[in-house]
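Structural features, examined
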Amino acid sequence: MQLSETAEYQRLYDDSGARAWLHWGPYLSERAWGTVREDYSADGNAWSYLPHDHARSRAYRWNEDGLGGICDEHQHLCFALALWNGRDAILKERLFGLTGPEGNHGEDVKEYYYYLDSTPTHSYMQMLYKYPQAAFPYTQLIVENQRRSKDVTEFELLDTGIFDEDRYFDVFIEYAKVAPDDTLIQIRAINRGATTSALHLLPTLWFRNTWSWGRDNTDPHLHIANDENIQAHHPSLGSYSLYCAAPDELLFAENNTNTQRLYGVASSPPYFKDAFHEYIINGHRDAVNPLQKGTKAAAHFYREIAAGETAVFRLRLRKGVHIDEVSLSPFANFDQLFAERRREADEFYAALQPANLSDDLRNIQRQAFAGLLWTKQFYHYDVQQWLEGDPAQPPPPPQRKNGRNREWTHVNNADILSMPDAWEYPWFAAWDLAFHCIPLALIDVEFAKSQLILLLREWYQHPNGQIPAYEWSFSDVNPPVFAWAALRIYQLDQEYYGNKDTLFLERVFHKLLLNFTWWVNRKDSEGKNIFQGGFLGLDNIGVFDRSAPLPQGGHIEQSDGTSWMAMFCLNMMAIALELARTDVAYEDIATKFFEHYMYIAGAMNNIGGDGIALWDETDEFFYDVLNKPDSTRIPLRIRSLIGLIPLLAVEVVEPELLNQLPDFKARLEWFLANRPELAGLTSRWKVAGEGERHLFAVTRGHRMKRLLKRALDSDEFLSDYGIRSISKYHLTHPYVLHIDNNDYVVNYEPAESRSGLFGGNSNWRGPVWFPINYLLIESLHKFQNYYSDDFLVECPTASGQHVSLSAIANELSTRLIRLFERDDQGRRAIFGSTERFQRDPHWRDYLLFYEYFHGDNGAGLGASHQTGWTGLIATLIQHQVTAKPK
């Protein structure tokens, strides 16, 4: 079957263009507590202002959260699951995790859940949550992790012994849409233990609280229609019915703050957000509304499930409250409809995935796509209102107007966005999102395009051109990768779907002109084409926190910041050249970006004409340069990704394109003839490569080989699972910078960070990270397009084996895939030494897409559900095989 013939593809690209099947989806976050949006404190301590313990009782201002839930695209109406095993102290309505200060390596979710499947339209979705049968060890997890130092691994939920003897439920949550506004819901709870165990299950329906803030007079409400039907009414969303098959009872309350519990202040009506917790666990029958109406409702099911047995619960959320054939028999053909949507999901991915993929790789790729699709979230944040506070609430502390995000009052977001991780990072991050869009483009290219366009719209991008980084600090600086992402999405759209969407390229290009100007005006402090940038997404990779003022003053001339700008120039040039095919006006701007690239590349080799280069001839490596207040400059000789990022600034121009644009070609030839010192350093214009192609690269020929010699050395950067973020050389040779009686030390740290920089929850001092590895692979393919198979490099270094650049790219791709793929012993590197993950049939094929990976053994580290940029594994799998989708 052709991809375009599948039912899912036809839903995704229906003739109306309305994409109606996307009106409902998994847009409900896994965590809204502890976020910047919900923080109204004076000191900006978001973790403590609204902690997990308050989440069940306090109404959220901006976003809702829930366990395995869905909502409409404006998050008016939400649905999620709540559970109680008869022993927990808290009704399980949301996932638990440690805050940044509580964890010895920063914030970390302490639950086990897996996104198993989703189609792009969310016509079918499946998630698994593993719910322990013993009391959840909230206190033990907090106390033990706080006790541990940064030199010790994290204390995980498995370490508590709560899953011993398989005393847990596998709770599978499935959704199947009958129509865009009609969703079947099936929940299967399997008792994996050896004895009968009780389970309270509460599928919950509620409205996002928009009425408590004094800005919205909307009055939505829920009420009972009959013993198996909850009806919902919203002025703009319309009316919905939640049909529940044989519940024990229906419960109603209000999605309002329990001011008595939190602040000791009584309020009316007395049926609060935490009512079901009080009713189920504490037996407070007066906590729920006896009139069976409100803004929050649940169907309460109680089952005693025997060992190995499965309890099945069925619901249906459907637009409309009228009486018809469906309302009279809502579960007719339930199994048939579910089976049909599962089959259509299988057909869609079978048509997309290369025919020669192994079953294991198919599973890995499909779960990667599922994670990307499940972490699409409704994100709501109006910074002006947030700073001012709400009319119906106490005024916030005045200090906030001088605090976080005060320069971003134009930001007003209420959109569906791709999040890095629905629990650990439940907010957009600009450079993460650019990487998310590459695998997303394989399954929903229009959504991928819309994400880049969205962050460049007026309600995101600053009037000065800066793109907001992430909500903890919109003003932080991330690598400028939007132009690269836009070009790749355009190319993937053309390759897989036959579209040449130049309108998309133009829309992105025009807004990126503003962003480029911001970079030039704000981050080239001395006007010498050498850029600072800040931490640039690499957190603790340097000697100092690069986003903060240096402790001794001065600034850092950044090898990576400057290389990113060279790459930005080449990406913008490539976009302009593509647009110039149909509009010659873009030839001029293409020349501008070419010339700017040349000046940046030249400056990297002689900063401002002072004879100081970012390239070190002795070490044959790129380093940052510390510019001290007394104008002395010190190369920071740390062998890190900072020195390899110059490899990313590469572009190959095809001869047929040049022949189409004679004016552009003539202007380039004039520049290169009149700037021979730059032409010889950074380009291969007069030396045609394979197929008469022409190369522009910061590191051509000799320097590229010298960088690859280190990159492909197993004693330095090359691990069995990709390129490390810092050379293993620093394991035995720590870098020490001695300034003003202080020593600043950088070691090779292959696992979690032992530093407190950026909260200590990520580490760029040794582990393998997907985004830079992926860009290195792409760059090697570009170099291959120019140099062809005649250009050979030793790989691995000192192996005596010389291979082409494309072979090296494929080898790196294979090593990254090896992180997830079972080896000959059936083990997956990502699971490290956790034997339950490696061997247990109920765990071993459910995958976690970690934030980064151990630099030596490949074990997964950091955020455990960062399918965001780790979702690039799906693209690597797709491209690693020769077959294309049918």
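Details of the structure are given in the entry above.
So, here is what we can say about the structure in this document. (Residues numbered from 1 in each chain as written. Predicted model: local features only at pLDDT ≥ 70, side-chain atom pairs only at ≥ 80, totals over all residues. Heavy atoms only, no water.)

A closer look at the packing of helix α23 (residues 770-787) against helix α24 (residues 805-818)
How two helices sit against one another is set out by the angle between their axes and by the gap between those axes. Viewed as axis vectors pointing N to C, α23 and α24 meet at an angle of 160°, and their least axial separation amounts to 8 Å. With respect to α24, the axis of α23 lies roughly antiparallel. The interaxial crossing formed by α23 with α24 has left-handed handedness. Along the contact surface, α23 presents Phe770, Asn773, Ile777, Leu780, His781, Phe783, Gln784 and Tyr787, while α24 presents Leu805, Ser806, Ile808, Ala809, Asn810, Leu812, Ser813 and Leu816. (Axes fitted to C-alpha atoms, helices over the stretch in contact; angles between N-to-C directions. Helix = DSSP H or I, 4+ residues; strand = E, 2+ residues; numbered from the N terminus. Parallel < 35°, antiparallel > 145°, perpendicular 65-115°, else oblique. Left-handed = near helix turned anticlockwise from the far one by under 90°. Contact = heavy atoms within 4.5 Å.)

Details of the sheet that holds strand β23 (residues 624-627)
In space, the three strands of this open sheet follow the order β20-β23-β24, with antiparallel pairing throughout. Taken across any chain shown, the strands that pair with only one partner, and hence form the sheet edges, are β20 (555-557) and β24 (633-636). Each strand of the sheet is rotated relative to its neighbour by a mean of 30°, with strand direction disregarded. As judged from the three bridges shared by β20 and β23, these two strands associate in the antiparallel manner. Each residue of the ladder has a partner; that of glutamate 557, found in β23, is valine 625. (Pairing = 2+ DSSP bridges.)

What about the side chain of asparagine 85?
In this fold, asparagine 85 is placed in the loop between β3 (77-84) and β4 (97-98). The class for asparagine 85 is buried, based on a relative accessible area of 2%. For asparagine 85, the side chain forms a polar contact with the main-chain nitrogen of arginine 87, separated by 2.8 Å. Excluding anything up to four places from it in sequence, asparagine 85 contacts Tyr131, Pro132, Gln133, Ala134 and Ala198. (Buried < 20%, exposed > 50% of the residue type's maximum accessible area, 1.4 Å probe, protein only. Polar contact = N/O pair within 3.5 Å; in protein donor to acceptor, adjacent residues only side chain to side chain.)

As for the pairing of strand β8 (residues 168-179)
Across the twelve residues that make up β8, a large majority, ten, are buried. Sheet topology places strand β7 (residues 124-132) next to β8; nine bridges connect them, and they run antiparallel. Considered in β8, the bridge of lysine 130 is made with aspartate 170. Here ten bridges tie β8 to strand β9 (residues 182-191), and the two strands are oriented antiparallel to one another. Bridging from a neighbouring strand, isoleucine 173 pairs with isoleucine 187 of β9.

What to know about the environment of threonine 797
Note that threonine 797 resides in the loop between β32 (792-794) and β33 (802-804). For threonine 797 and glutamine 292, which are 505 residues apart along the polypeptide, the C-alpha to C-alpha distance reads 71 Å. Once you skip the residues sitting within four places of it in the chain, threonine 797 turns out to touch Leu708, Lys709, Leu712 and Asp713. For threonine 797, the side chain forms a polar contact with the main-chain oxygen of lysine 709, separated by 2.6 Å.

With respect to the environment of asparagine 255
Tracing the backbone through its elements, the reader meets asparagine 255 in the loop between β14 (249-253) and α5 (259-263). When residues no more than four places from it in sequence are discounted, the contact partners of asparagine 255 are Ala59, Glu64, Trp206, Phe207, Arg208, Asn209, Trp211, Lys273, Thr295 and Lys296. Within polar-contact distance, the side chain of asparagine 255 engages the backbone oxygen of phenylalanine 207 at 2.9 Å.

Looking at the sheet that holds β3
Here we have six strands laid out as an open sheet, ordered β1-β2-β3-β10-β16-β14, and antiparallel in their pairing. With one partner strand each, in any of the chains shown, β1 (24-25) and β14 form the two edges of the open sheet. In this structure, strand β10 (residues 197-207) lies alongside strand β16 (residues 296-305), joined through eight bridges in antiparallel fashion. Bridged to serine 197 within β16 is isoleucine 305.

In short, shape yes, function no, at least from these values alone.
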